[in-house]
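# Structural overview for review
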Amino acid sequence: MRHTFERSLLALTALTIGCSAGGTGATDVVRSNNYNDLSTLFVEWRNTQAPARAAGVPDYTTAAMATQNTQLLGMQARLAAIDPSGWPVPQQVDYHLVRAEMNGLDFDQRVLRPWQNNPGFYVTFFNSESDQPLREGHFAVGSIEAWEHSLPYSTSAVAQLDSGLRAIPGLLQQARTNLTGNQKDLWIYGTQAIKSQSAALKAFGDKLPPEYTLLKSTTDRAIAATDSLASWLDVQAPMKTDSSGVGIENYNWYLRNVMLLPYSWDQVVMLMERELARSWSNLAFEEKRNAHLPVQLPIADSAQFTQRTSAEISRYMAFLRDREILTVKEYMEPSLRQHVSGYRAGPREFFSEVDYRDPEVMRTHYYHWFDKAWMVFDPPSSSIRKFPSLYNIFITRTEGLATAWEELMLQAGMFDHNPRSRELVYILLAQRAARALGDLHMHANHWDIEQAAVNTSSHTPRGWLPLEGRTVRNEQHLYLRQPGYGISYVIGKIELDRLIMERKRQLGDAFVMRDFMDTLNASGFIPASLLRWEMTGVLPDDVKAILQ
């Protein structure tokens, strides 16, 4: 917290002597204890955080980023002048959500600087939907979410797609000036991300019927610009020599001030190693318990996968409803069914190894689609929480709950009819703990991406995460570009376990799982540490220490 305090103090000093930018002058810094002032500041902050655009192209030049940093200082000063201590707990939580977002931009400005260090930052075309409230990782604004539209395109859809695609050449031309970093792995794997954008654009263009002549022309120009940048990046790559991690000190700051996690790098390493050992140990005993049962073979074809998945979704929803685990809304099952990936023949990636043996197991992790449906049909009442938090600071809730849900459903008896599927749950946990160690050691600059991939592959049971597959390195690239993402699955699970324990201790026999889950879901997507505070009504000492 010392760094944030110093920044705010410097900002207040500068503003006092008359330095201002973007509406953050001295007259704006007024002490307040009114929640409405926080809501107003939040709207202004979101407008400040987004870079200016010219002809649809966001400005990430050195001058623009310097202006953004000056504006951030003013926003932090105004936030520091608001005293939330007398507010109800949910409103205090909102205050710390805004503060964490500002800290996220602070970290971008000081440390990550993705517009300078990560070519993958300039990917803006996406053919598939993210299962998170906001897309994972750092990307330039102005994304084209092509999956939102289906043929035949409406007039408004064509205009929206065309506008986004037209911005790509200008953005990628700007990237050549902005990208001055020397971080080898981010450069190499970011270049691969740019090449993947080209492939996605080509697939999109190939599906356009002949009547979409103008849209096809715009797509072709976006492809040409993407390919040109990829070629330029390849030429630059041999000159990149530095490691790409943020370092342990910066990682610790990010954990406490952006992710709002009451742990240090060393503590998280210990917890991940413990969960990795526990998952392997539990798997060994599950395999011993089930040794008399037939080997669980993968589904063989598309028709069987479709039939099994449909049946398992029905079983899953009935289980949640009949066991009164949470309130099942009418839109939940359709959302889950809508997001079933198709069957793919040939070599299986890690999650297909699980999904093709029992589709019910991965449906538990796809709690994500319940989350996204709640965003639409039952959004939080707080105006601040209606908007997903920037910088993925919600992931200890979203990824943490989805990961916790797998083992919680195992304990609830969901796989009693198919004991071999209990083994799959521990294989999933082992893989997530192993890849979390990649996140930690890459950012400590102990490992590069290749070392992280080798370690994760070798610690994933049954050889299901092979080095020749796509998954292992793609995941480690995400974790390198987004500190803390790799640990969020398991550390979020640990935090939610703590929350369940504390509510069970508070309520005793009055604890009702359905009520607990309904309250959790209604709270929106806030860091798991803040959930503990909001749902128990007690500010834990470890959380209090990171909020002061």
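Residues numbered from 1 in each chain as written. Predicted model: local features only at pLDDT ≥ 70, side-chain atom pairs only at ≥ 80, totals over all residues. Heavy atoms only, no water.

## A look at the overall build of the chain
For clarity, the cut-off: Secondary structure is summarised from DSSP: a helix means a run of H or I of at least four residues, a strand means a run of E of at least two, and numbering begins at the N terminus for each. What the globule rule says is 2.2 Å times the number of residues to the power 0.38, and the radius of gyration is computed from C-alpha atoms. All accessible areas in this document rest on Shrake-Rupley with a 1.4 Å probe, and a residue is counted as covered only by the protein chains that are shown.
The secondary structure content of the chain amounts to 23 helices and four strands. In terms of overall dimensions, the chain is globule-like: its C-alpha atoms have a radius of gyration of 24 Å, near the 24 Å expected for 548 residues. Counting only C-alpha atoms, the chain reaches 75 × 60 × 50 Å along its principal axes. Only carbon and sulfur atoms are counted for the fraction: they give 54% of the accessible area of the chain, which is about 22,700 Å².

## Structural notes on the pattern of salt bridges
Selection rule: What makes a salt bridge here is a side-chain nitrogen of Lys or Arg within 4 Å of a carboxyl oxygen of Asp or Glu, nothing more. For every residue, the accessible area (1.4 Å probe, protein chains only) is compared with the maximum for its type, and the residue is labelled buried under 20%, exposed over 50%, or partly exposed between those bounds.
All told, the structure shown has 39 salt bridges when counted by the stated rule. Salt-bridge contacts for glutamate 286 lead to arginine 422; the nearest nitrogen and oxygen are separated by 2.8 Å. Linking glutamate 286 in helix α10 (residues 265-289) with arginine 422 in helix α17 (residues 420-443), this pair joins segments that are 136 residues apart in sequence. Given a relative accessible area of 12%, arginine 422 falls into the buried group. Here the residues in one salt-bridge network are Glu275, Arg278, Glu407, Lys493 and Asp497, joined through shared partners.

## Some remarks on helix α8 (residues 213-236)
Worth spelling out the cut-off: The span one expects for a helix is its residue count, reduced by one, times 1.5 Å. The contact rule is simple, with two residues in contact once any of their heavy atoms fall within 4.5 Å.
Taking 1.5 Å per residue as the helical rise, α8 with its 24 residues ought to reach 34 Å, and the 35 Å between its terminal C-alpha atoms agrees with that figure. The set of residues buried in α8 consists of Leu215, Thr218, Thr219, Ala222, Ile223, Ala225, Thr226, Leu229, Ala230, Trp232, Leu233 and Gln236. Turning to α8, the residues buried within the fold contact α6 (155-178) and α7 (184-206).

## Concerning α17
For an α-helix, the turn length of 3.6 residues means that residues three or four places apart are oriented alike. In this model α17 runs 36 Å from its N-terminal to its C-terminal C-alpha over 24 residues, within 8% of the 34 Å that 1.5 Å per residue would give. Of all 24 residues in α17, 24 are buried; the element is thus mostly enclosed. Among the residues trailing α17, asparagine 445 stands out with phi positive, at a value near 60°.

## A look at the packing of aromatic side chains
Stated precisely, the cut-off is as follows: We call Phe, Tyr and Trp rings a pair once their centres come within 6.5 Å, taking the six-membered ring for Trp, and we label the pair stacked below 30 degrees between planes, edge-to-face above 60, and tilted otherwise. Placement of a positive charge over a ring is assigned whenever Lys NZ or Arg CZ falls within 6 Å of the ring centre and within 35 degrees of the normal to the ring plane.
Following the criterion strictly, the structure yields 27 aromatic pairs and no others. For the ring pair phenylalanine 125 and phenylalanine 204, a centre distance of 5.4 Å and an interplane angle of 65° mean the geometry is edge-to-face. On the criterion of sequence distance, the pair formed by phenylalanine 125 in strand β3 (residues 125-126) and phenylalanine 204 in helix α7 is long-range, its members being 79 residues apart. For phenylalanine 125, a relative accessible area of 3% puts it in the buried group. Taken together, a centroid distance of 5.6 Å and an interplanar angle of 70° make the contact between tyrosine 153 and tyrosine 212 edge-to-face. Of this pair, tyrosine 153 sits in the loop between β4 (144-145) and α6 while tyrosine 212 sits in the loop between α7 and α8, and the two are 59 residues apart along the sequence. Accessibility expressed as a relative area gives 13% for tyrosine 153, which makes it buried. Tyrosine 212 gets classed as buried once you look at its relative accessible area, which sits at 11%. Grouping aromatic residues by their ring pairs yields a cluster made of Tyr316, Tyr367, Phe370, Trp374 and Trp405. The aromatic ring of tryptophan 187 is capped on one face by lysine 240, whose charged end is 4.1 Å from the ring centroid.

## Here we look at the packing of α6 against α8
What counts, and what does not: Interaxial angle, 0 to 180 degrees, is taken between N-to-C directions of lines fitted to C-alpha atoms, where a helix line uses only the stretch in contact. Angles are sorted into four bins: roughly parallel if under 35 degrees, roughly antiparallel if over 145, roughly perpendicular if 65 to 115, and oblique for all others. In this scheme the crossing of two helices becomes right-handed for a clockwise turn of the near helix relative to the far one and left-handed for an anticlockwise turn of less than a right angle.
At a minimum axis separation of 9 Å, α6 and α8 run at an interaxial angle of 20°. On the basis of the axis angle, α6 is roughly parallel to α8. Note that α6 runs across α8; the crossing there is left-handed. Residues Val158, Leu161, Asp162, Leu165, Arg166, Ile168, Pro169, Leu172, Ala175 and Arg176 of α6 pack against Leu214, Leu215, Thr218, Thr219, Arg221, Ala222, Ala225, Thr226, Ser228, Leu229 and Trp232 of α8.

## With respect to the packing of α6 against α7
It is the contact of α6 with α7, at a shortest axis distance of 14 Å, that shows an interaxial angle of 150°. Judged on the interaxial angle alone, α7 and α6 are roughly antiparallel. Our pair here, α6 against α7, has a crossing hand that is left-handed. In contact with Leu161, Leu165, Ile168 and Leu172 of α6, α7 contributes Gln197, Leu201 and Phe204.

## Some thoughts on the side chain of glutamate 360
Note the following rule: Here Asp and Glu are counted as negative and Lys and Arg as positive; His is not counted, and neither are the chain ends.
Relative to the elements of secondary structure, glutamate 360 occurs in helix α14 (residues 359-365). One buried charged residue, glutamate 360, remains without a salt bridge, the closest side chain of opposite sign being arginine 315 at 4.0 Å. The residues contacting glutamate 360, other than those within four sequence positions of it, are Glu312, Arg315, Tyr316, Met414, Phe415 and His417.

## Points about the environment of aspartate 206
With respect to the helices and strands, aspartate 206 occurs in helix α7. A relative accessible area of 65% places aspartate 206 in the exposed class. As for aspartate 206 and lysine 216, which are separated by ten residues in sequence, their C-alpha atoms are 8.6 Å apart.

## Some points on unusual backbone geometry
Residues leucine 151 and proline 152 are joined by a peptide bond in cis, for which omega reads -5°. With respect to the secondary-structure elements, proline 152 resides in the loop between β4 and α6. The phi dihedral of arginine 113 falls on the positive side, at around 40°, and the residue is not glycine. Of note, arginine 113 is situated in the loop between α4 (89-112) and α5 (114-117). Unusually for a residue other than glycine, asparagine 445 sits at a positive phi of about 60°. Within the secondary structure, asparagine 445 is located in the loop between α17 and α18 (449-458).

## So, the nonpolar core
The condition that has to hold: Buried Ala, Val, Leu, Ile, Met, Phe, Trp, Tyr and Cys residues that are joined via side-chain atoms within 4.5 Å together make up what is termed a nonpolar core.
Core analysis: the biggest nonpolar cluster contains 115 residues, and Leu38, Met272, Leu320, Phe370, Trp405, Leu440 and Ile487 have the highest contact counts within it. Setting aside chain neighbours within four positions, we find tryptophan 405 in contact with Tyr316, Leu320, Ile325, Leu326, Thr364, Tyr367 and Met517. Core analysis: the second largest hydrophobic core is formed by 40 residues, Trp115, Val123, Ala146 and Leu179 among them.

## Things to note about the environment of glutamate 249
Among the structural elements, glutamate 249 can be located in helix α9 (residues 248-257). Linking glutamate 249 and tryptophan 265, residues 16 residues apart in sequence, is a C-alpha distance of 8.5 Å.

## Here's the deal with the side chain of glutamine 482
Rules: Residues adjacent in sequence count toward polar contacts only when both atoms are side-chain atoms; beyond that, a polar contact is any pair of N or O atoms within 3.5 Å, and within protein one must be able to donate a hydrogen and the other to accept it.
Residue position: glutamine 482 is located in the loop between α19 (471-481) and α20 (485-507). Exposure remark for glutamine 482: the relative accessible area of 1% places this residue in the buried category. Looking at glutamine 482, its side chain comes within polar contact range of the side chain of histidine 138, at 3.1 Å. For glutamine 482, the contacting residues outside a window of four places in its chain are Gly137, His138, Tyr254, Tyr391 and Asn392.

## Describing the environment of isoleucine 393
Position of isoleucine 393 among the secondary structure elements: in the loop between α15 (367-377) and α16 (395-412). Relative accessible area serves as the criterion here: at 1%, isoleucine 393 is assigned to the buried category. Separated by 36 residues in the primary sequence, isoleucine 393 and leucine 429 have C-alpha atoms spaced 21 Å apart. What isoleucine 393 contacts, discounting residues up to four positions off in sequence, is Leu97, Ala100, Glu101, Val258 and Pro527.

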